[in-house]
Amino acid sequence: MRFLKRARRRSLFVVGALAGVSVFMSGALWNRTQAQESDSTTEIAPGLWLRSVQRQTPNGLVRFWLVKADPKAFELGMEIADKSNAQKKRSVRNLAVQSGATVAINGGFFAYGGAAVGAVKGNGVWQRLPWKSRTALGWNSARDAQLSPLSGNCQLSIRTADGKIRIQEAALNGFTLPGQRVAIVDGFAVLTSQFDRKYTLKAGEVAFAAGQLPLQSGDVDLTKGAFWVVAKGTALQSLDLNAPPVFSYTVTTAPNWGRYRTVLGAGPRLLQNGQIKTTEVEEEFRPDVLARGPRTCVGWDAKHNWLLLVADGRSAASVGLSIPETAQLLQQLGATEALNLDGGSSTQLVVNNELVNTPSGFDPVNPTRPREVQVSNALVLKPVGL
């Protein structure tokens, strides 16, 4: 009996000690969590703010930045890596310097070769066509902006030697039609000076330009003439190589999109009228695009302030965000409309020519330095009138 009492006292001591350790550990964990969490806002310039946040979530620590720009002081623009070569890429920092922007983030998706995947229209000129009717941002100003699915095509009008007019869908600055990954075998491609300075014809291709004899081999100088048309396969059957046809082309989209001088396609959509609305299913995004990782987003709030969100990911310092988590966060931050941009290793935030976040992946030359991935285009914030 005495043994049982001693055992009971010993058990109570052990339980008490364990409880004390538990309280201590909980306190230590709480203090460590508190130390990791932070939230601060800096005014970069009058009308431009940068909020920096570290926050614990059920999935781990997340670090993100929110840029808010008063449209009366700063305007949103798009900087294309190279206006004369659709295949070229540059780092976001380089694009910020190139444009003279105060803030820059990476923009839309791009292929391994460098060409943008999705709608790109700058200064009123289409460079790339919409892709799979995915969501695009079109804007002239903060109060004249739209987020919605966007489809479009390049309509080529051909007046042949017999005087007949033929309307043909054509690729624009590339050799795949919108929403397709298969290269054109029989058809037309319109190449402008934004595609590149030259194009080398492949076997079976013929290039036409206004006022010039068709070329059947060699290099096409894309700087001569407003645009060139490259035809291949059965598309050549209706053309007379000795009497060049007359071409014209138009990019056709929904009527209300024609007024926007700047358009950038990306996706999926995140918010609509302040409500979470993600469009990953209908826009056919791959699972890896939706999974938790680094994020870059653009949107605006009820007062039409531009909002740029960048979140680090794929590291112990920040696990990143999934698409649903990103939409929920932006809603909490006051966004009413929001669009997901290219993320992952492309995610970069540059302020006053300095890289603010830590991109995932490391420089192969210097492994201690984050790798600044080169991108096709960037969204930039510049003072109004600059």
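Look up: the structure comes first, before these words.
About the cut-offs
Residues numbered from 1 in each chain as written. Predicted model: local features only at pLDDT ≥ 70, side-chain atom pairs only at ≥ 80, totals over all residues. Heavy atoms only, no water. Salt bridge = Lys/Arg side-chain N within 4 Å of Asp/Glu carboxyl O. Helix = DSSP H or I, 4+ residues; strand = E, 2+ residues; numbered from the N terminus. Pairing = 2+ DSSP bridges. Axes fitted to C-alpha atoms, helices over the stretch in contact; angles between N-to-C directions. Buried < 20%, exposed > 50% of the residue type's maximum accessible area, 1.4 Å probe, protein only. Arc of directions from axis to C-beta. Contact = heavy atoms within 4.5 Å.

Caption draft 1: Molecular detail of the pattern of salt bridges. Under the definition given, this model contains 14 salt bridges. We note a salt bridge from Asp219 to Lys198, for which the minimum N-O separation is 3.5 Å. Note that Asp219 is positioned in strand β17 (residues 219-221) and Lys198 in strand β14 (residues 198-200), a separation of 21 residues in sequence. Each of Arg93, Glu354 and Glu372 takes part in salt bridges that share partners, so that together they form one network.

Caption draft 2: Representation of the sheet that holds strand β12 (residues 165-172) within the structure. One open sheet holds the seven strands; their spatial order is β16-β15-β18-β13-β12-β11-β19, and the pairing between them is mixed. With one partner strand each, in any of the chains shown, β16 (212-215) and β19 (246-253) form the two edges of the open sheet. The average undirected angle you get between the axes of adjacent strands in this sheet is 30 degrees. Note that strand β11 (residues 152-159) and β19 share eight bridges and pair antiparallel. Bridged to Asn153 within β19 is Thr252.

Caption draft 3: Inspection of helix α2 (residues 92-99) at higher detail. Inspection of α2 places Val92, Leu95, Ala96 and Ser99 among the buried residues, and these make up the whole buried set. An end-on view of α2 places all buried positions within 105 degrees of arc, on one side of the element. Where α2 is buried, its residues meet β4 (74-80), β5 (90-91), β6 (103-106), β26 (349-351), β28 (374-375) and β29 (377-383). Backbone geometry just downstream of α2 places Gly100 in the positive-phi region, at approximately 75 degrees.

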